[in-house]
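Survey of secondary and tertiary structure
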Amino acid sequence: MTEMTAEPEKDPQDPTAQTRRTVRRGGGDPATRGRTTIADGVVEKIAGLAARDVVGVHAMGSGLSRTFGVVRDRVPGGSKSVTRGVKAEVGEVQTALDLEIVVDYGVSIADVARAVRENVIVAVERMTGLEVVEVNIAVSDVKLPEEEDEEPESRLQ
């Protein structure tokens, strides 16, 4: 808040006394002036990265979306989509997330889902300030050890 002091003013009660009038500019804390909106895609990226960090998550998205993703990734200029398998619904103060994951064979699906949920909630709430009201997780596949990866490693080092 900025304070400005105006020219001295005469007090009507005492003609010999002078007073200073203070004028205040801008009301309140600067952090409360204006609105911040967060796009669904921003929350989806944060959630996608947080979910992929969990041990036991092999990939994100359904088989079809992963197949399209592999094709898109091979196109020159294309990049991996961190939002694959993530859908966010963002309100003014809350968000809800739906995630579709593929887990590695042999891991406890319940433990992986719990860890994904916790990691996503912590990351989204810390970075956005939004309250995460729910994280729904659908396990669409299990990656078997003998299955070939759909996203082969690049031959370039």
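Residues numbered from 1 in each chain as written. Predicted model: local features only at pLDDT ≥ 70, side-chain atom pairs only at ≥ 80, totals over all residues. Heavy atoms only, no water.

Some points on the overall build of the protein
The helix and strand tally for the protein stands at three helices and eight strands. Walking the protein from its N terminus toward its C terminus, one meets helices and strands in the order β-β-β-β-α-β-α-β-β-α-β. Considering only contacts in the protein between residues 6 or more positions apart, those separated by 24 or more positions represent 65%. Surface exposure of the protein reaches about 11000 Å², of which carbon and sulfur atoms provide 50%. (Helix = DSSP H or I, 4+ residues; strand = E, 2+ residues; numbered from the N terminus. Contact = heavy atoms within 4.5 Å. Areas by Shrake-Rupley, 256 points an atom, 1.4 Å probe, with all protein chains shown as cover.)

Quick notes on the nonpolar core
Formed by 24 residues in total, the largest nonpolar core has its most connected members in Leu-97, Leu-99, Val-116, Val-120 and Val-124. Those elements that provide at least two residues to this core are α1 (40-52), β5 (57-60), β6 (86-90), β7 (94-104), α3 (109-128) and β8 (131-143). Excluding residues that lie within four positions of it along the chain, Val-116 makes contacts with Ala-51, Val-54, Val-57, Leu-99 and Ile-137. (Core = buried A, V, L, I, M, F, W, Y, C linked by side-chain atoms within 4.5 Å. Buried < 20%, exposed > 50% of the residue type's maximum accessible area, 1.4 Å probe, protein only.)

What to know about the pairing of β6
Look at any regular strand and the pattern is simple: side chains alternate between the two faces of the sheet. Sheet topology note: the β6/β7 ladder contains five bridges and is antiparallel. Each bridged residue has a counterpart across the sheet, and for Ala-88 the counterpart in β7 is Leu-97. Remark: three residues form the turn of the hairpin made by β6 and β7, two consecutive strands paired antiparallel. (Pairing = 2+ DSSP bridges.)

Side note on the confidence of the model for the protein
In this model, the protein carries a mean pLDDT of 81, and residues with pLDDT of at least 70 account for 66%. This model gives residues 152-157 a pLDDT under 50, and the stretch forms one contact once residues within four places in sequence are excluded. (pLDDT = per-residue confidence, 0-100.)

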